[in-house]
Amino acid sequence: MLRDEVIKYYNPANNRNYSCAESMIRAANDYYQLNLPEEMFYAVGPFSGGAWHDEMCGGISSSLNVLGILYSVNGHAHDSEVMRRMTIEFLNRVEEKYGGLHCKHLKRNYYVQGIKCQNVLIGCADILEEMISSHDIINKR
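Residues numbered from 1 in each chain as written. Predicted model: local features only at pLDDT ≥ 70, side-chain atom pairs only at ≥ 80, totals over all residues. Heavy atoms only, no water.

## Re the side chain of S61
Note the threshold: The way it works is that DSSP assigns letters per residue, a run of H or I at least four long becomes a helix, a run of E at least two long becomes a strand, and they are numbered from the N terminus. Exposure classes here rest on a 1.4 Å probe applied to the protein chains alone. A residue is buried below 20% of its type maximum, exposed above 50%, and partly exposed in between. Only heavy atoms enter the contact rule, under which two residues are in contact if any of them lie within 4.5 Å.
Mapped onto the elements, S61 comes out in helix α5 (residues 58–71). Accessibility expressed as a relative area gives 13% for S61, which makes it buried. Discounting residues that sit within four places of it in the chain, S61 has contacts with F47 and M56.

## Thoughts on the packing of aromatic side chains
Convention followed: Classification of ring pairs uses Phe, Tyr and Trp, with its six-membered ring standing for Trp, and accepts pairs whose centres are within 6.5 Å; under 30 degrees between planes counts as stacked, over 60 as edge-to-face, and the remaining range as tilted. Distance and angle both matter: a charge sits over a ring if NZ of Lys or CZ of Arg is within 6 Å of the ring centre and within 35 degrees of the ring normal.
Counted according to the given criterion, the structure contains 3 aromatic pairs. Note on Y9 and Y18: the rings are 5.6 Å apart at their centroids and 65 degrees apart in plane angle, and the pair reads as edge-to-face. Judged by relative accessible area, Y18 falls into the partly exposed class, the value being 24%. The positively charged end of R26 is found above the aromatic ring belonging to F41, 4.2 Å away from the centroid.

## Considerations on helix α6 (residues 81–98)
Test applied: What a helix should span is 1.5 Å times the count of its residues minus one. Working definition: the arc comes from the directions between the helix axis and the C-beta atoms, pointing outward to the latter.
For α6, with 18 residues, the first-to-last C-alpha span of 26 Å sits near the 26 Å given by 1.5 Å per residue. Along α6, the positions that sit buried rather than exposed are M83, M86, F90, L91, V94 and Y98. An end-on view of α6 places all buried positions within 130 degrees of arc, on one side of the element. Where the residues of α6 are buried, they touch α5, α7 (103–110) and α8 (118–134). In the stretch just after α6, G99 is the one whose phi turns positive, near 80 degrees.

## Remarks on unusual backbone geometry
Phi angles above zero are rare outside glycine, and D54 is one such case at about 55 degrees. If you trace the backbone, D54 turns up in helix α4 (residues 48–54). Residue D54 is classed as partly exposed on the basis of its relative accessible area, which comes to 27%. At K116, a position not held by glycine, the phi torsion is positive, near 55 degrees. Relative to the helices and strands, K116 resides in the loop between α7 and α8. Residue class for K116 comes out partly exposed when judged on its relative accessible area of 32%.

Spelled out as structure tokens, the structure:
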């Protein structure tokens with residue numbers, strides 16, 4: 001399960017020290033065998049901690065990156081109606097589950113000493129995996 005891969009990366013006890021954004025993209029890379037270049041992991045780094053400004057959670061942002069990687073058409077995001085619909089559905093489902101998408105809200109309500117925001121990332125992973133597995137076509141670059 002994708003959640004198991006997320007825990008592997010976002011686990012303060014394992015000393016890997018990956019952020020929420022890095023953990024989600026690394027987990028998806030492993031689980032879906034995306035073969036992403038190392039630079040992709042660096043590219044999502046600035047989204048950690050809600051872009052270091054308590055805005056949209058980096059784990060949520062990286063989940064959207066995964067949808068873009070899997071469902072972009074001809075290399076253009078705006079050409080993919082499927083990706084657009086899945087993005088909106090994902091955000092709606094996460095917001096319904098947690099009452100918000102921003103780090104400020106998520107940390108205030110779901111942060112747990114010792115595991116930080118791991119439960120939020122697990123929830124995002126579960127939603128993402130369910131959506132991807134229920135969709136017929138996975139367009140892997």
